[in-house]
Amino acid sequence: KVFQGDTDVLNGDLQPVNGTYGLMRNDGTLAVPLRYTDVLWTNGGVAAVTDAQGVWLYDLPAAKVLGGPYTAVGLYREGYIPVQQDGLWGYYSPVADEMLGSGFQWQTALPFCEGLAAVSADKLYGYIDTKGSTVIPLAYQGAASFGEGLAGVRVQKRWRFINTSGTMVIEPASAGVQSC
């Protein structure tokens, strides 16, 4: 991460006052131009950066923009990035340079974990696979990502756990869950 602008020195650290960010590869090549207000993350050769227009994705090895501007992006996991445009979410694949399935169609979209991603439409949650197919129906009031073969789902006001085939495996109701 490189910065161009004004800084203050506080407690031995440089604190940005104003300026722009970019990303430089270890060979000295500027992979992302110095024109962004923030660097959200880098992962697997891809970066998410922001400016006044929104969030942009960059291919760091090729030093080229992949897509954007998006309203928001999630974390890059298992080959896909949740991206939001016009109030709806979809999944972008930097490797294939295309949107998964039907594109922007979800009210919410969590990152993929264990080959599945929690999504919602019409205030109901379920799970899709990396082909964009719904594999666990949208039937829950809330959903968390999978971890160690289980995911928390909210049924009415309590959380339970399902396995990757959608079978309820832990019935005791919980007030909340946390996932990967």
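About the criteria used
- Throughout this document, residue positions are counted from 1 along each chain, in the order its sequence is written.
- The predicted nature of this model means local features are confined to residues of pLDDT at least 70 and side-chain atom pairs, given and counted, to a pLDDT of 80 or more, with totals for whole chains, interfaces and linings taken over all residues.
- To get the side-chain values, all heavy atoms of the structure are used, and hydrogens and water are removed first.
- Here a helix means four or more residues in a row that DSSP labels H or I, a strand means two or more in a row labelled E, and each is numbered from the N terminus.
- Buried residues are those whose accessible area, probed at 1.4 Å on protein chains only, stays under 20% of the maximum for their type, while exposed residues exceed 50% and partly exposed ones sit between those limits.
- Throughout, a contact is declared for two residues whenever any of their heavy atoms are within 4.5 Å.
- For accessible areas, the Shrake-Rupley method is used with a probe of radius 1.4 Å. Any residue's cover is judged against the shown protein chains and nothing else.
- Between Lys or Arg on one side and Asp or Glu on the other, a salt bridge is scored when a side-chain nitrogen of the former is within 4 Å of a carboxyl oxygen of the latter.
- For two strands to be treated as a pair, DSSP must find no fewer than two bridges joining them.
- Planes of paired rings set the category: under 30 degrees apart is stacked, over 60 is edge-to-face and the rest tilted, where pairs are Phe, Tyr or Trp rings (Trp by its six-membered ring) whose centres lie within 6.5 Å.
- Remark: a charge is flagged as sitting over a ring if the NZ atom of Lys or the CZ atom of Arg is within 6 Å of the ring centre and within 35 degrees of the ring normal.

### A word on the overall build of the protein
Within the protein, the secondary structure is distributed over zero helices and 19 strands. Every one of the 180 residues in the protein was classed for burial, and the buried ones make up 37%. Across the protein, the fraction of contacts at a sequence separation of at least 24, relative to all contacts at a separation of at least 6, is 24%. As displayed, the protein has an accessible area near 9600 Å², and 49% of this comes from carbon and sulfur atoms.

### Observations concerning the environment of Arg-160
Counting through the fold element by element, Arg-160 comes out in strand β18 (residues 158–163). On a C-alpha basis, the gap between Arg-160 and Glu-171 in space is 5.5 Å, while along the polypeptide they are 11 residues apart.

### Considerations on the pattern of salt bridges
Within the structure shown, the criterion is met by two salt bridges. Residue Asp-27 is joined to Arg-25 by a salt bridge in which the shortest nitrogen-to-oxygen separation is 3.5 Å. Look at Arg-25 and you get partly exposed, because its relative accessible area is 25%. One salt bridge in this structure joins Arg-35 and Asp-51, with 3.1 Å as the shortest N-O distance. Placement of the pair is Arg-35 in strand β3 (residues 30–36) and Asp-51 in strand β5 (residues 46–51), with a sequence separation of 16 residues. Taking relative accessible area as the criterion, Arg-35 reaches 40% and is therefore assigned partly exposed.

### What about the sheet that holds strand β11 (residues 98–99)?
Across the sheet, four strands lie side by side as β8-β9-β10-β11; this open sheet has antiparallel pairing. Pairing within the sheet leaves two strands with one partner each, and these edge strands are β8 (72–73) and β11. In the sheet, β8 pairs with strand β9 (residues 81–85) via two bridges, with the strands oriented antiparallel. Within the sheet, the bridge partner assigned to Val-73 lies in β9 and is Val-83.

### Things to note about the packing of aromatic side chains
Throughout the structure, instances matching the rule amount to six aromatic pairs. Lying across the ring of Trp-56, Arg-35 places its NZ or CZ 5.9 Å from the centre.

So, to be careful, I would describe these as geometric facts and stop short of saying anything about function.
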